[in-house]
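# What the coordinates show
Here are the chains, one letter per residue:
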Amino acid sequence: MQSELFASENMAQPATAPGLTQQNAKSLKYAVNGECYARQGAMVAFRGNLQFEKKGQGVGNFLKRAVTGEGLPLMTVRGQGEAWFAHEAANCFIVDFAPGDSLTLNGRNVLCFDASLSYEIKMVQGAGMAGGGLFNCLFSGQGRLGVTCDGSPVVIPVSPQSPVFVDTDAVVGWSAQLHTSLHRSQSFGSMIRGGSGEAVQLKLEGEGFVIVRPSESRPVRQSGG
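Residues numbered from 1 in each chain as written. Predicted model: local features only at pLDDT ≥ 70, side-chain atom pairs only at ≥ 80, totals over all residues. Heavy atoms only, no water.

All right, on to the confidence of the model for the chain then. Averaged over the chain, the pLDDT score is 83; the fraction of residues at 70 or greater is 77%. Every residue in residues 187-197 scores below 50 in pLDDT, and together they form seven contacts with partners more than four places removed in sequence or on other chains. Confidence drops under pLDDT 50 across residues 219-225; counting only partners more than four residues distant or on other chains, this segment forms 10 contacts. (pLDDT = per-residue confidence, 0-100. Contact = heavy atoms within 4.5 Å.)

This part takes up the pairing of strand β15 (residues 200-205). Relative to β15, strand β12 (residues 164-167) runs antiparallel, the two being bridged by four bridges. Looking across to β15, one finds that Val 164 is bridged to Leu 204. (Pairing = 2+ DSSP bridges. Helix = DSSP H or I, 4+ residues; strand = E, 2+ residues; numbered from the N terminus.)

The next subject is the sheet that holds strand β11 (residues 154-158). Overall, antiparallel pairing links the six strands, which are arranged β8-β9-β6-β13-β16-β11 in an open sheet. In the strand order of this sheet, the two ends are held by β8 (117-123) and β11, each with one partner. Strand-to-strand twist across the sheet, computed as the mean angle between neighbouring axes with direction ignored, equals 20 degrees. Pairing of β11 with strand β16 (residues 208-212) involves five bridges; the strand directions are antiparallel. Looking at the pairing, Val 158 lines up with Gly 208 of β16. (Axes fitted to C-alpha atoms, helices over the stretch in contact; angles between N-to-C directions.)

Our focus in this paragraph is the sheet that holds strand β14 (residues 179-184). Overall, antiparallel pairing links the three strands, which are arranged β12-β15-β14 in an open sheet. The two strands at the open ends of the sheet, each matched to only one other strand, are β12 and β14. On average, each strand axis in the sheet is inclined to that of its neighbour by 35 degrees, with strand direction left out of account.

What follows covers the packing of aromatic side chains. On inspection of all chains with the given rule, the structure shows six aromatic pairs. Measuring from ring centre to ring centre gives 5.1 Å for Phe 46 and Phe 52, while their planes differ by 65 degrees; the resulting arrangement is edge-to-face. Its relative accessible area of 26% is what places Phe 52 among the partly exposed residues. Taken together, the aromatic side chains of Tyr 37, Phe 113, Tyr 119 and Phe 139 make up a single cluster linked through ring pairs. (Phe/Tyr/Trp six-rings, centres within 6.5 Å; stacked < 30°, edge-to-face > 60°. Buried < 20%, exposed > 50% of the residue type's maximum accessible area, 1.4 Å probe, protein only.)

This part takes up unusual backbone geometry. With the exception of glycine, the majority of residues adopt a negative phi angle, and the majority of peptide bonds are in the trans configuration. Not every positive phi belongs to a glycine, and Glu 88 is a case in point at roughly 55 degrees. Tracing the backbone through its elements, the reader meets Glu 88 in the loop between β4 (74-85) and β5 (91-97). If you check the backbone angles, Ala 89 has positive phi at about 60 degrees while not being a glycine. Note that Ala 89 resides in the loop between β4 and β5.

For Ala 25, the location among the structural elements is in the loop between β1 (19-24) and β2 (27-39). In the structure, Ala 25 is positioned 61 residues away from Ala 86 in sequence and 9.8 Å away in space, judged by C-alpha atoms. When sequence neighbours within four positions are dropped, the list of residues in contact with Ala 25 reads Ala 90, Asn 91 and Cys 92.

Attention now goes to the pattern of salt bridges. Throughout the structure, instances matching the rule amount to seven salt bridges. Among the salt bridges present, the one from Arg 78 reaches Glu 53, with a minimum N-O distance of 2.7 Å. Of this pair, Arg 78 sits in strand β4 while Glu 53 sits in strand β3 (residues 43-54), and the two are 25 residues apart along the sequence. Relative accessible area serves as the criterion here: at 37%, Glu 53 is assigned to the partly exposed category. Taking the shortest distance from any N to any O, the salt bridge between Arg 144 and Asp 96 comes out at 2.6 Å. On the criterion of sequence distance, the pair formed by Arg 144 in strand β10 (residues 143-149) and Asp 96 in strand β5 is long-range, its members being 48 residues apart. Of the residues examined, Asp 96 reaches a relative accessible area of 48% and is grouped as partly exposed. Via salt bridges that share partners, Lys 29, Arg 47 and Glu 82 belong to a single interconnected network. (Salt bridge = Lys/Arg side-chain N within 4 Å of Asp/Glu carboxyl O.)

As structure tokens, this is what we get:
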């Protein structure tokens, strides 16, 4: 049988070492030898002796309900084998953390990560009930994190001389050391007249970067989500 479907770049290859690797632009592969964490429902295939278990109280509430109506329940993937992860054909990326690195990430963009990474729920400083969510997740430590983005991300440098303003529905994540606050970009009179559709942004100041997606649409609320 012959087809472009069977091109070499589409074929899954046996893992050469444990851990997280890129399968293609839309999916990641994790060679599990012990355990890792992943977004519930993100597994699209696996082989080997693996168990998938919902996280319990304390970690199952990994991300409190965001204003978008979505939370981020996690599962533990445990055993020996290979698992493939994806989410709604979004682009997938791997972030390597060295000691001292930290990243604040919107929960909707977390796909899977090493158990060696530390994570905690943080209230977004100064963001109130912004559209991007009241809570984001702070990752730190050493290991690899799988991240998704709807479309190709835009990574914008932030400097003390040049703060960056981002739409709260488009932000993916930012350097954890940045200072955040809400910024109103239109007058009350303009809002009364119908507004520009760009009333409030998240302002980021300091030294680092911010990642945004090329979309302001909010995720569709899922029943039971």
